[in-house]
2 protein chains.
Amino acid sequence: MKQLIKIGPIFTDLYELTMAQCYFAENINDEAAFSLFVRGYPENRSYYVCAGLEEALFEILDYTFSDQDLSYLEKTGLFTVDFLNHLNRFRFTGTIRAMPEGSLFFADEPVMEVSAPIIESQLLETFLINIVGFSSLIATKAARCVYAAGGRNVVDFSLRRDQGVDAGLKAARSSYIAGFAATSNVMAGKLYDIPVSGTMAHSFVSIYENEYDAFKAYSKNYPTKTVLLIDTHDTIEGAQNAAKIGIEMKKRGESLVGVRLDSGDMAVLSREVREILDDAGLEKTEIFASSGFDEYKIAHVIGQNAAIDAFGVGTKLGVSADAPFLDMVYKLVHFGNRNITKKSPGKAYLAGEKQVFRKTGPNGKYTGDIIGIKEESIEKATPLLETVVKNGNIVIEPPGIEAVRAYFAENFARLPDACKDIDSPAPYPVSVSHNLLNIQKHHV
Amino acid sequence: MKQLIKIGPIFTDLYELTMAQCYFAENINDEAAFSLFVRGYPENRSYYVCAGLEEALFEILDYTFSDQDLSYLEKTGLFTVDFLNHLNRFRFTGTIRAMPEGSLFFADEPVMEVSAPIIESQLLETFLINIVGFSSLIATKAARCVYAAGGRNVVDFSLRRDQGVDAGLKAARSSYIAGFAATSNVMAGKLYDIPVSGTMAHSFVSIYENEYDAFKAYSKNYPTKTVLLIDTHDTIEGAQNAAKIGIEMKKRGESLVGVRLDSGDMAVLSREVREILDDAGLEKTEIFASSGFDEYKIAHVIGQNAAIDAFGVGTKLGVSADAPFLDMVYKLVHFGNRNITKKSPGKAYLAGEKQVFRKTGPNGKYTGDIIGIKEESIEKATPLLETVVKNGNIVIEPPGIEAVRAYFAENFARLPDACKDIDSPAPYPVSVSHNLLNIQKHHV
């Protein structure tokens, strides 16, 4: 399990700790189960892609308060010596059931359930929503981009516009899980062992007296990896200069990998550039496009018959611009011997520990999910939540990013195409089992 | 200067390094100046708040490639031994001019200019846009929330929905600079020494047999810090239970700090709750409100005469939901002895190293800015970019977060009120000096 930093348990909202102290003082530490799920969908969504589990486990399995943390908490004046001593001994001893990373999940379905003495299970709330919520948000956005690209490569160019350092890393990891081909983010490449790729910036072209010289210098240094950015001065002239370079490279037994368009009318320009390259015998030189792409713009230019082979997707992927957050929540569903929900307007949820069951039709496509109670089994349906941590110990090791990526691809292939539409996706059928409905009547 | 992690120079787009290697191989390392600025405004914005400088300097002043970084770069197969040796000796030796953190800035104005041999100055691009862009995005959003709240306290509750760990920290820091009273984020409190605050979660109320018992337990443990969440079952009954607790606390010589509303019609409920509290003699007990707040919802409920004393602002602040990114760019403006821009459609910018001058009217309000050339001085206008790093060494130490917060408050008070409107702000006048216009004609 790889992560840039060890975060630790004070990466949390203050109230998680003040409530915990209250439980501690009142001698309340019954087993409490929480469900992690998303309420509803942002516009144009009807599925989610689960990501972030590996990183979450990495944290939770080694959840300890440092001396520095404890002395900071002491300084706030909010905590007793007894409670700080309790935190000093703190570790997570509970059970975590989760869908594997790369799973598809749907509104109201728990993607994870945590069961532990309440001080432990409550404390994970802020951190789990942050980690799993954001990773899943980006994996979902990325899946939409890959789907829109219809087999063309998509590369993560988001780093500069991501919301901070960690977001940059998670955007790269989550988009790779969802089928992106590579990332421009060197640190993510190193940390997660995912392919890195890049082209050149306008500044590179600008510092040379003319564009041809810039292209020539670059291609000399990268005989097998050159992608030329051709819009600094004029895209058509840029394509002509690139064609000259491509011909020269060919003569040297090298080959020009591609050119990149970064402005203007992408559909029109890409066809014109394709013709220039083809006329120069550079049929294998690919056309990359960047600048404001997301699933909508990808679909739009493909609909206009753009001659684009691959897309660099930046800002709008990295912040999930059309839906920059998920309404992910972590709700108490069972405490001691009671199932629990609440009645606040618009905030009710399903009481009780749960399992999610998925049905598959004869053609291999998913036909619908049933949210049931943890203990039941439903005929011809596969339970999705699996126990990954038991008594505080890991029982299923994270499978690694390539396996997660393959698992997602397999899952996504089984999702009905109508649910994948980027503009008006069909709802995916999710129902609630009789057993789960039954216990809703009896909760306190 | 405080930061959770040392990021290091491979937190960058691959092309920054491949271009650098090309410059290195071609013996190109002339002085290059880059401007960091934002193109245009998202909807409803007409100013920006500058943040992130301290963290950026913390990184840049100690920018070195670790052995691990270098061996990763070697493994990519893209880099020569000579260039990797060069990176091994890399440090930043250039000059950085920047507006102080907490400054107001406007579209097209450089908030920072970096001048250094091109390998060094180019390499900072990705990192600077990420750090300064996101911090400024949130500081700007936070300033809007504080303005809408009209003197009422606003607290950062965003951590769980922020885009990753680093975003959680930066959201807390940036919103505090822009006038937030506190954050729920314990780690940010520790790291940046900013006030932390919190209330309780619905789960706390749910685990007790009844709400009154939950409130009683909490207030017993926090005689001077209790804020009761009153909407788990029914807000009005919750207020009545809170009033009982408040009366009991009063009898013990304690006081109930507040109650929190988290659902329902905030304006109506807050007035009803105010009446219940006042009737119980709890005039000093404050009403906090949370749930989906941002500047628009704050203004809306205040417009409906809500009896709310303070706002918890979460998700929509932490991701700047209505405008989740800035079009911040880092553009080459000078290289060797040439001023530089580019002509790509929609992507032209002002060539040349610059200074931003701000004019103040007789009433102390800002009347407009002039973007000029670095060397000029403009009568009765204050230059804003100051040299913070020279020859790779810091020459102005970051002043600390309290000073930055005070500086912002002073600045914001001078911004014309019409520019602060959250729905249809007046544009702030920014012009370009004759000197700067003149050099635009001569760039290559």
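If you're wondering where the values come from, they're calculated on a predicted model, not measured in any experiment. Throughout this description, residue numbers start from 1 for each chain and increase along the sequence as written. Think of it this way: whatever chain is written first is A, whatever ligand is written first is 1, and the rest follow in order. Given that the model is predicted, a residue must reach a pLDDT of at least 70 before its local features are reported, and side-chain atom pairs must reach 80 or more before they are shown or counted; all residues, however, enter totals for whole chains, interfaces and linings. Hydrogen atoms and water are omitted, and side-chain values are computed over all heavy atoms in the structure.

K.L.:
Run through a negative patch on the surface, naming residues and quoting values.
P.N.:
Residues A:D265, A:E272, A:E275, A:D279 and A:E283 make up a contiguous surface patch of negative charge. Per the convention used, a helix needs a DSSP run of H or I reaching at least four residues, while a strand needs a run of E reaching at least two, with both numbered from the N terminus. In this fold, A:E275 is placed in helix α12 (residues 266–279). Patch building starts from residues that exceed 30% relative accessible area and form no salt bridge, then joins like charges within 9 Å and nonpolar side chains (Val, Leu, Ile, Met, Phe, Trp, Tyr) within 5 Å. Method for areas: the Shrake-Rupley scheme with a 1.4 Å probe, in which residue coverage is limited to the protein chains shown. The working definition used for a salt bridge is a side-chain nitrogen of Lys or Arg within 4 Å of a carboxyl oxygen of Asp or Glu. All tallies of charge rest on Lys and Arg as positive and Asp and Glu as negative; His and the ends of each chain are not included. Every charge is mapped to an atom, namely NZ of Lys, CZ of Arg, CG of Asp or CD of Glu.

K.L.:
Tell me about the sheet that holds strand β9 (residues 258–261) of chain A, and name the residues and values.
P.N.:
Residue and element names in this part refer to chain A. The 6 strands lie next to each other as β7-β6-β11-β10-β9-β8, forming an open sheet whose pairing is parallel. Edge strands, defined here as strands with exactly one partner in the open sheet, are β7 (182–183) and β8 (227–229). Sheet topology note: the β9/strand β10 (residues 286–289) ladder contains 4 bridges and is parallel. Paired with V259 across the strands is I287, a residue of β10. At least two bridges found by DSSP between two strands is the condition for calling them paired.

K.L.:
Give a description of the interface of chain A and chain B that names residues and reports values.
P.N.:
Contact with chain A, which involves 103 residues of that partner, is made by 103 residues of chain B. Buried area adds together the accessible area that both of two parts lose upon being put together, with accessible area traced by a 1.4 Å probe. Taking both partners together, chain A and chain B bury about 8400 Å²; carbon and sulfur atoms supply 60% of that area. The interface formed by chain A and chain B holds 12 salt bridges in total. Measuring nitrogen to oxygen at the nearest pair gives 2.9 Å for the salt bridge that ties B:D327 to A:R161. Polar contact criterion, stated in full: a pair of N or O atoms within 3.5 Å, where within protein one must be able to donate a hydrogen and the other to accept it, and residues adjacent in sequence count only if both atoms are side-chain atoms. Inspection of the region where chain A meets chain B yields 54 residue pairs in polar contact (both at pLDDT 80 or more). The greatest single-element share of the side of chain A that touches chain B, amounting to 10 residues, is contributed by helix α1 (residues 14–25) of chain A. For this classification, Asp, Glu, Lys and Arg are treated as charged, while Ala, Val, Leu, Ile, Met, Phe, Trp, Tyr, Cys and Pro are nonpolar and the rest, including Gly, are polar. Tallied by class, the residues present in the side of chain A that touches chain B amount to 48 nonpolar, 31 polar and 24 charged. Whether two residues are in contact is decided by their heavy atoms: any pair within 4.5 Å suffices.

K.L.:
Help me get a handle on the domain arrangement of chain A, residues and values and all.
P.N.:
It is common to give the size of an interface as the accessible area that goes away when the parts come together. Residue and element names in this part refer to chain A. The domain architecture assigned to chain A consists of domain 1 (14–138 + 326–442) and domain 2 (198–318). Boundary definitions for the domains trace back to an automatic or database domain assignment. In this structure, domain 1 and domain 2 have C-alpha centres spaced 44 Å apart. Listed as interface residues are 6 residues of domain 1 and, on the opposing side, 5 residues of domain 2. Approximately 430 Å² of surface area, both sides summed, lies buried where domain 1 meets domain 2, with 59% of it carried by carbon and sulfur atoms. Summed over the shared surface of domain 1 and domain 2, the result is 0 salt bridges. Seen at the junction of domain 1 and domain 2, the total is 1 residue pair in polar contact (both at pLDDT 80 or more). Of the residues in the side of domain 1 that touches domain 2, the class split is 3 nonpolar, 1 polar and 2 charged.

K.L.:
Summarise the relation of the copies chain A and chain B; cite the residues concerned and give the values.
P.N.:
Note on the copies: chain A fits chain B at an RMSD of 0.0 Å, the axial shift is 0.0 Å, and the rotation between them is 180°. Within this description, the copies of the chain are treated as partners about a two-fold rotation axis. Judged by C-alpha distance, A:D166 is the residue of chain A that lies nearest the rotation axis, at 2.7 Å. Most of the interface of chain A is mirrored in chain B, where 100% of its interface residues again form contacts. Here the copies are matched by least squares. The fit uses the C-alpha atoms of residues with pLDDT of at least 70 in both.

K.L.:
Which residues make up the pairing of strand β1 (residues 31–38) of chain A, and what values go with them?
P.N.:
Residue and element names in this part refer to chain A. Counting buried positions along β1 yields 7 of 8 residues, so the element is predominantly enclosed. When β1 meets strand β5 (residues 112–117), the two strands line up antiparallel, connected through 6 bridges. Residue E31 lies in a different strand from β5, and its bridge partner there is P117. In terms of strand pairing, β1 meets strand β12 (residues 328–335) through 7 bridges, oriented antiparallel. Working definition: with a 1.4 Å probe on protein chains only, accessible area under 20% of the residue-type maximum means buried, over 50% means exposed, and in between means partly exposed.

K.L.:
Give a detailed account of the packing of helix α10 (residues 211–221) of chain A against helix α1 (residues 14–25) of chain B, specifying residues and quantitative values.
P.N.:
Axis lines are fitted through C-alpha atoms, for helices just across the contact stretch, and the angle between N-to-C directions can take any value from 0 to 180 degrees. With their axes 10 Å apart at the nearest point, α10(A) and α1(B) run at an angle of 100° to one another. As judged from the angle between their axes, α10(A) and α1(B) are roughly perpendicular. On α1(B), the residues that touch A:A217, A:Y218 and A:N221 of α10(A) are B:T18, B:M19, B:C22 and B:A25. Looking at side-chain class alone, the contact of α10(A) with α1(B) contains 5 nonpolar, 2 polar and no charged residues. Between 65 and 115 degrees an angle is taken as roughly perpendicular, under 35 as roughly parallel, over 145 as roughly antiparallel, and anywhere else as oblique.

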